[in-house]
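# Structural description and commentary
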Amino acid sequence: MSVQPYPATASLRDDGLCAFWLGGRCFGLDVRWVGEVVALEAIARVPNARPAIRGLFNLRGKPVVVIDLSKLLELGDRELPGGKIGLVPGIDGLAAAVEVERVESIIPPGRGVLAPSGDGEHRAVAGLLDDRATGGRMVTVLDSELLLERLQALRYLADADE
């Protein structure tokens, strides 16, 4: 499956969100961005890797990079605990998994009220989805385009770019 970047707000009208937990907060990404959810068994550390790279794991015989989402999107200085779950993007040519604590749910399109991000909000945040009226929770919706941009940039960083 190949995915093209698009505004995060379009996902709420079209396909919904994949809600997941990281660092005690519930985040959401467009479901079209998430190709599969996998168990991250043994993660092999990579010496001298960039801070956003936690290591490598074996996905059906192929090495896949495990990404620390908080460092990739610069969500904060504190060390956020990872998990044993990986969200693998459904993007051709991108062998990566974003490490999360757990997957909460798939929020269907049209459910909840989206408040777009305002001035002063972190640039990785596309908005906040209030899904409490239907038994859900507040979800910080991440900008899928920024995530894709950062993942692709990480692939091509040279040592001189550090």
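Refer to the preceding data block for the structure.
Residues numbered from 1 in each chain as written. Predicted model: local features only at pLDDT ≥ 70, side-chain atom pairs only at ≥ 80, totals over all residues. Heavy atoms only, no water.

### Section: the overall build of the protein chain
- Across its full length, the protein chain carries three helices and eleven strands.
- What you see in the protein chain, going N to C, is helices and strands ordered as α-β-β-β-β-β-α-β-β-β-β-β-β-α.
- Within the protein chain, the fraction of its 162 residues that count as buried is 44%.
- Here the analysis covers contacts within the protein chain between residues at least 6 apart in sequence; of these, 57% occur between residues at least 24 apart. (Helix = DSSP H or I, 4+ residues; strand = E, 2+ residues; numbered from the N terminus. Buried < 20%, exposed > 50% of the residue type's maximum accessible area, 1.4 Å probe, protein only. Contact = heavy atoms within 4.5 Å.)

### Focus: the pairing of strand β10 (residues 125-130)
- Pairing analysis gives four bridges linking strand β9 (residues 113-116) to β10, with the strands arranged antiparallel. Considered in β10, the bridge of L114 is made with L129.
- Bridge count for β10 against strand β11 (residues 138-142) is five bridges, and the pairing is antiparallel. Residue pairing across strands places D130 opposite M138, the latter belonging to β11. (Pairing = 2+ DSSP bridges.)

### Remarks on the nonpolar core
- The biggest cluster of nonpolar side chains holds 26 residues, and the ones touching the most others in it are F20, W33, L69, L73 and L147.
- Elements with a minimum of two residues in this core: β1 (17-22), β2 (25-30), α2 (69-72), β7 (96-100) and α3 (144-155).
- Once residues lying within four places of it in the same chain are set aside, the contact partners of L147 are L29, W33, L69, L72 and L73. (Core = buried A, V, L, I, M, F, W, Y, C linked by side-chain atoms within 4.5 Å.)

### Observations regarding the state of the cysteines
- Enumeration over the complete set of coordinates arrives at zero disulfides.
- For C18, which is in no disulfide, the shortest distance to another cysteine sulfur is to C26 and amounts to 9.3 Å.
- According to the relative accessible area criterion, C18 is buried, its value standing at 3%.
- Note on C26: relative accessible area 5%, which makes it buried. (Disulfide = S-S within 2.5 Å.)

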